[in-house]
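# Secondary and tertiary structure notes
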Amino acid sequence: SRTLVSSNLRYAIFLLSGDHQNVFTMTKYQNKLYPVYETFKYPKVGENNAQISMHLFRVGDDEGQPIDVGDLTERYVPRVQWTQDPSEVCITTLNRHQNHLQLLIANTDDNTVRTLLEEKNKYYIDITNNLTFLKDGNHFIWTSEKDSYNHIYKYDMDGKQKCAITKGNYDVTAFYGVDEKNNKIYYQSAEESPLTRHIYEVNDKGLKKKKITKANGWNRCSFSSTYDYYTITHSTANSPNSYTVFDRSGEQIRVLEDNAEFAEKLQGYNLSPIEFYQFETSEGVSLNGYMIKPKDFDEAKEYPVFMFQYSGPGSQQVTDQWKGFNGMWFQMLAQQGFIIACVDPRGTGARGEEFKKMTYLELGKYETIDQIEAAKYLGSLSYVDEDRIGIFGWSYGGYMSSLCITKGADTFSTAIAVAPVTNWRWYDSIYTERYMRTEEENESGYRDNSPVYFANLLKGNYLLVHGGGDDNVHPQNTYEMANALIAADKQFDTYIYPNRNHGIYGGNTRFHLYTKMTDFLVEHLMP
């Protein structure tokens, strides 16, 4: 296969991907005599990835020449982009363990390749789109976690760091670009709190820093191409998104949508506020959480708790941000008498590299410990019935809820797992090996943290849901988990949605699924 990855006016760079035999086949049902079989490439953990090579083509010519970036057998080429010099292209390469990154400069005139920047990490390196070559032709902007938090750096074209543009014990969470004409760099960070986001501007020496957002909560930004105007999207956990346009001076130009009508409509639904809290685990780890209590909450009563989480590397759910679809479902459950709770465990984002990457080689271990600790903390509250605590998650969250109902069988009485990974052996090579390496290198990490090996521990109520056409987390994960539960003589519930992909949607699908999950929770957690 031939894939165009980057081009300028004179040249085009192509990645050529060779065929490989690591394919997966799914069955689709279309109301015919026989089903349709869909086969696609999907290298799993430890298997051979597609072999790639790089080639330079002069625009208009059919013949190309290879670019010698070395042996790519066990390497990735996640990004390719032109520098400000039309004869130089920057190629990002990453080793298979994804802890050794190189920015290579290939010269299209003489086909030479040099190393611009090299970065190594004892864990792994996340790939972003934050590489920006400045118009002066002599510098570039780059983001990195090399100093324990994600920050912005300026380098010259010899790969020497000129300055750290941002610094401190906080993560830069989005890089919006460089206004070179006015020497301003724009970014989003969690400087004030992991729960919130603000937008900042600073010059290319890291000076004259200014916060350009005023409202507390969650702020995202979109700039015009000249940076003369920008749109702020703002929300809180208890107020929906608003969209406002400003000019570069910070003067408000217009409100595109304040969602006032929607907010007023919500008042008629008697919603409960989302409350944030912190607690300390038995290991001395401080974790952030949020809670939704029933509107008629009575501290003298005992309520069932329904915990939601995702818990994947670098993710966050406990944020002062509008919760959207799931948020409305949680509000409905709260009105039925549930306390809704969510906790971000170790391994999640906006708290620095060590907090995020401590789950390296042990995906699921510390996250499960922390979710069990969170449930025990909630169970210790006077208004919580510790015998009626359930947990729910989708994808990585389904993986986590499966671990919690097995390893945490004495704490959780009910769990819902939608589209879960149940054994990391069955997930794709790039994602899984980034965090776990291969099973051959890390046998205990796979064995000790895959739910399929702990089916015998199940005591409570367990609902497994999967889309039969899930080409991301294959339904194989649920089928194999079901086999393990059957072998262990454990009763469970299963819902398969034929042909639906990882999102399980289309037509009446989502309503059907959420009705089932609601009924399941009411049946097993309500007195």
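Before any of the text, the structure's been laid out above.
Reading the values: the criteria
- Residues numbered from 1 in each chain as written.
- Predicted model: local features only at pLDDT ≥ 70, side-chain atom pairs only at ≥ 80, totals over all residues.
- Heavy atoms only, no water.
- 1 Å grid on protein atoms, 1.4 Å probe; cavity = no way out; pocket = protein on both sides within 12 Å on 5 of 7 lines; lining within 4 Å.
- Points joined across faces, edges and corners; volume = space filled by probe spheres on them.
- Nonpolar A, V, L, I, M, F, W, Y, C, P; charged D, E, K, R; others polar.
- Helix = DSSP H or I, 4+ residues; strand = E, 2+ residues; numbered from the N terminus.
- Core = buried A, V, L, I, M, F, W, Y, C linked by side-chain atoms within 4.5 Å.
- Buried < 20%, exposed > 50% of the residue type's maximum accessible area, 1.4 Å probe, protein only.
- Contact = heavy atoms within 4.5 Å.
- Phe/Tyr/Trp six-rings, centres within 6.5 Å; stacked < 30°, edge-to-face > 60°.
- Expected span 1.5 Å × (residues − 1).

### Brief notes about empty space enclosed by the protein
For the coordinates displayed, the defined rule picks out two cavities of 30 Å³ or more. Its boundaries defined by the atoms lining it, the largest cavity holds a volume of some 40 Å³. Lining the largest cavity are Pro194, Asn288, Gln316, Val318, Asp344, Thr348, Gly349, Arg351 and Phe355. In this model, the second largest cavity occupies a volume close to 30 Å³. Asn49, Thr73, Glu74, Arg75, Tyr76 and Arg96 are the residues that line the second largest cavity. Per-class residue counts for the lining of the second largest cavity are one nonpolar, two polar and three charged.

### Regarding the layout of surface pockets
By volume, the largest pocket amounts to about 660 Å³. If you trace the largest pocket, you find 38 residues lining it, with Asp126, Thr128, Asn150, Val172 and Lys356 closest to the centre. Top element by residues in the lining of the largest pocket is strand S15 (residues 172–179). It accounts for four residues.

### Looking at the nonpolar core
One finds Val305, Met307, Leu378, Tyr399, Phe412, Trp424 and Tyr462 to be the most contacted residues of the largest nonpolar core, which totals 56 residues. Tallying contributions element by element places helix H5 (residues 396–407) first for this core, with six residues. Each residue touching Tyr399, except ones within four places of it in the same chain, is listed here: Leu363, Gly364, Pro420, Val421, Trp424, Asn449 and Pro451. Ranked by size, the runner-up nonpolar core spans 30 residues in total, among them Phe338, Tyr497, Met517 and Leu525.

### Here we look at the packing of aromatic side chains
Taken as a whole, this structure holds 38 aromatic pairs when the rule is applied. Seen in terms of ring centroids, Phe276 and Tyr290 are 6.5 Å apart; in terms of plane orientation they differ by 75 degrees. Their pairing is edge-to-face. Taken together, the residues Phe276 in strand S23 (residues 274–280) and Tyr290 in strand S24 (residues 286–292) connect sequence positions 14 residues apart. Under the relative-accessibility criterion, Phe276 is labelled partly exposed at 31%. Given the relative accessible area of 1%, Tyr290 is considered buried. Here Phe297 and Tyr383 contribute two aromatic rings whose centre-to-centre distance is 4.9 Å and whose plane-to-plane angle is 90 degrees, an arrangement assigned as edge-to-face.

### Here's the deal with helix H2 (residues 324–335)
The end-to-end C-alpha distance of H2 is 17 Å, a good match for the 16 Å that 12 residues give at a rise of 1.5 Å each. Within H2 the residues assigned to the buried category are Asn326, Gly327, Trp329, Phe330, Gln331, Leu333 and Ala334. Of the surrounding elements, those touching the buried residues of H2 are S24, strand S25 (303–308), strand S26 (339–344), strand S27 (384–394) and helix H9 (509–525). Phi for Gly337, located one or two positions after H2, is positive at around 110 degrees.

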